[in-house]
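The residues making up each chain are set out below.
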Amino acid sequence: MIVISADQLSKKFTVIRREKGLKGALSSLIHPEKITVNAVDNVSFKIEKGEIVGFIGPNGAGKSTTVKMMTGILHPTSGSVEINGLSPFKDRKKVVRELGVVFGQRTQLYWDLRLGESFELLKRIYQISDSMYKANMKQMDEVLGINEFIHIPVRQLSLGQRMRGELAAAMLHSPPVLFLDEPTIGLDVEGKHSIRKFIREINQRYGTTVILTTHDLDDVEQLCSRLIVINHGRIVEDGPLQDIAERMAPYRFLVLEIASPGIGIRHSLADTVRQNGNQVWLRFRKSEISASRLISDLCYSYPVLDLKIKEPDIEDMIRELYKLNDKTGSGVCN
Amino acid sequence: MDKLRYYLSVASYSMKLSMKKQLEYPMEIISCFAMIPMMYATGILLLYFLTQNLKSIGGWTFPQLAFLYGIGDLSHGIMVVFSVQNWFLDRYVNRGEFDRMLLRPLNVFFQFSVSYVNIIGIMDVLVGLSVFIYSCVLVKFSWTFSNIVRLVVIILGAALIRSSIFTIFCSVAFWTKRCSAVTALMNDMLERTTLYPMTIYPRLLQLMLTLIIPVAFISFFSSCCFLGIDSSFRLPADAAVMTPAIGIITFILAQAVFNWGLRNYESSGS
């Protein structure tokens, strides 16, 4: 079942270019030089129920704008987006009832008041019955350990506790779709772990569809069944992380430590990319030769002391992806 | 009925939280409480000294002017308690506060209206009330049941007119991202035009303040009604009907302008 479908979604912002100095300020007052920025440019995708989709892309790529259009905060300049077949602009109230949203950089909790008081307000807004509320709060406590700090004013919570509070607030009315905009930003290892555990848990238990934007590739690796890479407002890649990795970085590396530095190492199906004293790096394609075959070939011909295999670094791969798009200027949309 | 109960439960809890929030910082409230009576004292003293020298302003004696000022003050106080957030609409826009409201299954204007109750404004109401009661003694106001009912609906209507005027003009923040200048301008305009009887102004201005920005309905027409003074306008009904009616009309208009602005809302970065 398709939960979210975006069709040729675009958002243009008009900004006025300011010139330097007082003279520039005056001239832009009289002759404003308007520039249209395509924050999101012809983006189309469909998201199935129960998917965990990661949106990644550099700062200013259009991730948050896309999320804001999906949740009805921003109106698209053109194109359409539907959630469960309804438009978030025309049927805003009906649609947002089904959504939970967390903005990592902004809080929906009352800063000066106890965490529990923010929950009480949400209980009234979403008309959650007492029994339902009790059951949900119990569950939130089990997974997120909310009760530990429910009586503390939000401003005194650690970032990790606050983020757990935000997630609980977003899930209190058991929405079938959850949007998370940078949910792990600024958190320590433990904090990130508990947030990821929560996301996995609600996804498995209730089939909640989760859309998250992040800069943390560990989030993507550990959570997302599907990745959408956005750059310059366009979708650059869309698919499971493994597929993208295979397409983007089909190489693996074999790092050898050899007995003496002088030996030149060659193999017909691998390139020697670097040789530092005793250490040699060879690059090979999975599709051309298996690691075991390469190792046995090399060990047979050369005095190999030690070896390890390095998988391509996802971070490098993503960086390549961002750069690639910068150079060509236009997206490699598929 | 259920819907009304739903809105009331959200409104009351949201207002309660807003008050609790302010009580976290009691010093600010105390210092403002000390300031406000002085602000009002200058207004009433100004009228007193002017009438000492001029005997009357536009034919109005000091007790009558005090009555006019009293209704104006009291309606201002009520507006300051329940809808002072209009003055700071630009903050809501620039901080992206409407994002959160748009994500909730409730009318955004309703959420905005119940998002703040100004505790400091209670002092405005108290001072306004004492000025008003003092003026009632001066003009020998007859406290009959029907007069009290008329007075209550007039003051509530007047507060609604004030609040709607601010909503309409401060909604400019949806386009310009700023409204503090508009807030200051409207505050000045409202103070100057409700302090004196409308009849001292040129006819054109009187018409504008009746038909375009309905300031005259805040305190002028109702004072005329109660004090039996000729307003030089023929109203189709008693001030007790007109003031709340104009209040509701401006309120509906205010909502429309707010929603128009909201459609133009562009959220804020990140």
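Each remark here, short or long, concerns the structure printed above.
Here we summarise the structure given alongside this text. None of the values given here were measured: they were computed from a predicted structure.

Turning our attention to the pattern of salt bridges. All names here are of chain A. Counted by the stated rule, this structure contains 23 salt bridges over all chains. The shortest N-O distance in the salt bridge between Arg-205 and Glu-201 comes to 2.7 Å. Note that Arg-205 and Glu-201 are positioned in helix H7 (residues 189-206) at a spacing of four residues, about one turn of the helix. Note on Arg-205: relative accessible area 40%, which makes it partly exposed. Residue Arg-252 is joined to Glu-311 by a salt bridge in which the shortest nitrogen-to-oxygen separation is 2.8 Å. Note that Arg-252 is positioned in strand E10 (residues 251-258) and Glu-311 in the loop between strand E13 (304-310) and helix H11 (314-328), a separation of 59 residues in sequence. Arg-252 gets classed as buried once you look at its relative accessible area, which sits at 18%. Several salt bridges converge on common partners, so that one network encompasses Lys-192, Arg-196, Asp-216 and Asp-219.

It is worth spelling out the sheet that holds strand E2 (residues 33-48) of chain A at this point. Residues and elements named next belong to chain A. A sheet is described by the order of its strands in space; here three strands give the open sequence E2-E1-E4, paired in antiparallel fashion. The open sheet is flanked by E2 and strand E4 (78-83), the only strands paired with a single partner. Within this sheet the neighbouring strands show an average axis-to-axis angle of 25°, counted without direction. Pairing analysis gives twelve bridges linking strand E1 (residues 2-17) to E2, with the strands arranged antiparallel. Pairing of Thr-14 across the sheet is with Thr-36, part of E2.

For the rest of this paragraph, the subject is the interface of chain A and chain B. Across the boundary between the two partners, chain A contributes 30 residues, which contact 29 residues of chain B. Between chain A and chain B lies a buried interface of about 2,900 Å² when both sides are counted; carbon and sulfur atoms form 55% of it. Taken together, the connections running from chain A to chain B amount to four salt bridges. Looking at side-chain class alone, the side of chain A that touches chain B contains 13 nonpolar, five polar and twelve charged residues.

All names here are of chain B. Within the secondary structure, Ser-222 is located in helix H12 (residues 220-227). Take Ser-222: its relative accessible area is 0%, and that puts it in the buried class. The contact partners of Ser-222, leaving out residues within four places of it in the chain, are Ile-71, Ile-154, Phe-217 and Ala-239.

In this section: the packing of aromatic side chains. Within the structure shown, the criterion is met by 28 aromatic pairs over all chains. Judged by centre distance (5.8 Å) and plane angle (55°), the ring pair of Phe-109 of chain B and Phe-251 of chain B falls under tilted. Placement of the pair is Phe-109 of chain B in helix H6 (residues 108-113) and Phe-251 of chain B in helix H13 (residues 239-263), with a sequence separation of 142 residues. Here the aromatic residues Tyr-92, Phe-98, Phe-109, Phe-112, Phe-174, Phe-251, Phe-258 and Tyr-265 of chain B are joined through ring pairs into a cluster of three or more. If you follow Arg-124 of chain A out to its NZ or CZ, it ends over the ring of Tyr-13 of chain B, 4.2 Å from the centre. A cation over an aromatic ring shows up here: Arg-283 of chain A above the ring of Tyr-251 of chain A, its NZ or CZ 4.3 Å from the ring centre.

All right, on to the nonpolar core then. Core analysis: the largest hydrophobic core is formed by 92 residues, its most contacted members being Ile-4, Phe-45, Met-70 and Phe-179 of chain A together with Leu-89, Phe-98 and Phe-258 of chain B. Those residues in contact with Met-70 of chain A that lie beyond four places of it in its chain are Ile-4, Phe-45, Phe-55, Val-81, Ile-83, Pro-88, Phe-179 and Ile-211 of chain A. Judged by nonpolar contacts, the second largest core, of 64 residues, contains Ala-170, Ile-195 and Phe-198 of chain A together with Phe-110 of chain B.

This next bit is on a negative patch on the surface. Together, Asp-218, Glu-221, Asp-313 and Glu-315 of chain A line one region of the surface with negative charge. Look at Asp-313 of chain A and you get partly exposed, because its relative accessible area is 42%.

Cut-offs and rules
Position numbers for residues start from 1 in each chain and track the written sequence from start to end. The naming scheme follows written order: chains are lettered A onward, ligands numbered 1 onward. Thresholds applied to this predicted model are a pLDDT of at least 70 for local features of residues and 80 or more for the giving and counting of side-chain atom pairs; totals over whole chains, interfaces and linings are not thresholded and use all residues. As a rule here, side-chain values cover all heavy atoms of the structure and leave hydrogens and water aside. The term salt bridge refers to a pairing of a side-chain nitrogen on Lys or Arg with a carboxyl oxygen on Asp or Glu at a separation within 4 Å. We count a stretch as a helix when DSSP gives it H or I for four or more residues in a row; a strand needs E for two or more, and each element gets its number in order from the N terminus. Burial status follows relative accessibility: with a 1.4 Å probe on protein chains alone, a residue under 20% of its type maximum counts as buried, one over 50% as exposed, and anything between as partly exposed. If DSSP finds at least two bridges between two strands, the strands pair. Where helices are involved, their axes are fitted lines through C-alpha atoms of the stretch in contact, as for all axes, and angles between N-to-C directions lie from 0 to 180°. Contacts: residue pairs with any heavy atoms within 4.5 Å of one another. What counts as buried area is the accessible surface, traced by a 1.4 Å probe, that two parts surrender upon association, with contributions from both included. Think of it as three bins: nonpolar holds Ala, Val, Leu, Ile, Met, Phe, Trp, Tyr, Cys and Pro, charged holds Asp, Glu, Lys and Arg, and polar takes everything else, Gly as well. Pairing of aromatic rings covers Phe, Tyr and Trp, the last through its six-membered ring, and needs centres within 6.5 Å; plane angles under 30 degrees mean stacked, over 60 mean edge-to-face, and all others mean tilted. Two limits define a charge over a ring: the Lys NZ or Arg CZ must be within 6 Å of the ring centre, and within 35 degrees of the ring normal. What we call a nonpolar core is a set of buried Ala, Val, Leu, Ile, Met, Phe, Trp, Tyr and Cys residues that are connected through their side-chain atoms within 4.5 Å. Each patch is built from salt-bridge-free residues with over 30% relative accessible area, joining like charges within 9 Å and nonpolar side chains (Val, Leu, Ile, Met, Phe, Trp, Tyr) within 5 Å. We get accessible surface area from the Shrake-Rupley algorithm with a probe of 1.4 Å; when it comes to residues, only the shown protein chains can shield them. Positive residues here are Lys and Arg, negative ones are Asp and Glu, while His and the chain termini are left out of the count. We put the charge of a Lys on NZ, of an Arg on CZ, of an Asp on CG and of a Glu on CD.

Purely geometric numbers; function is a separate question.
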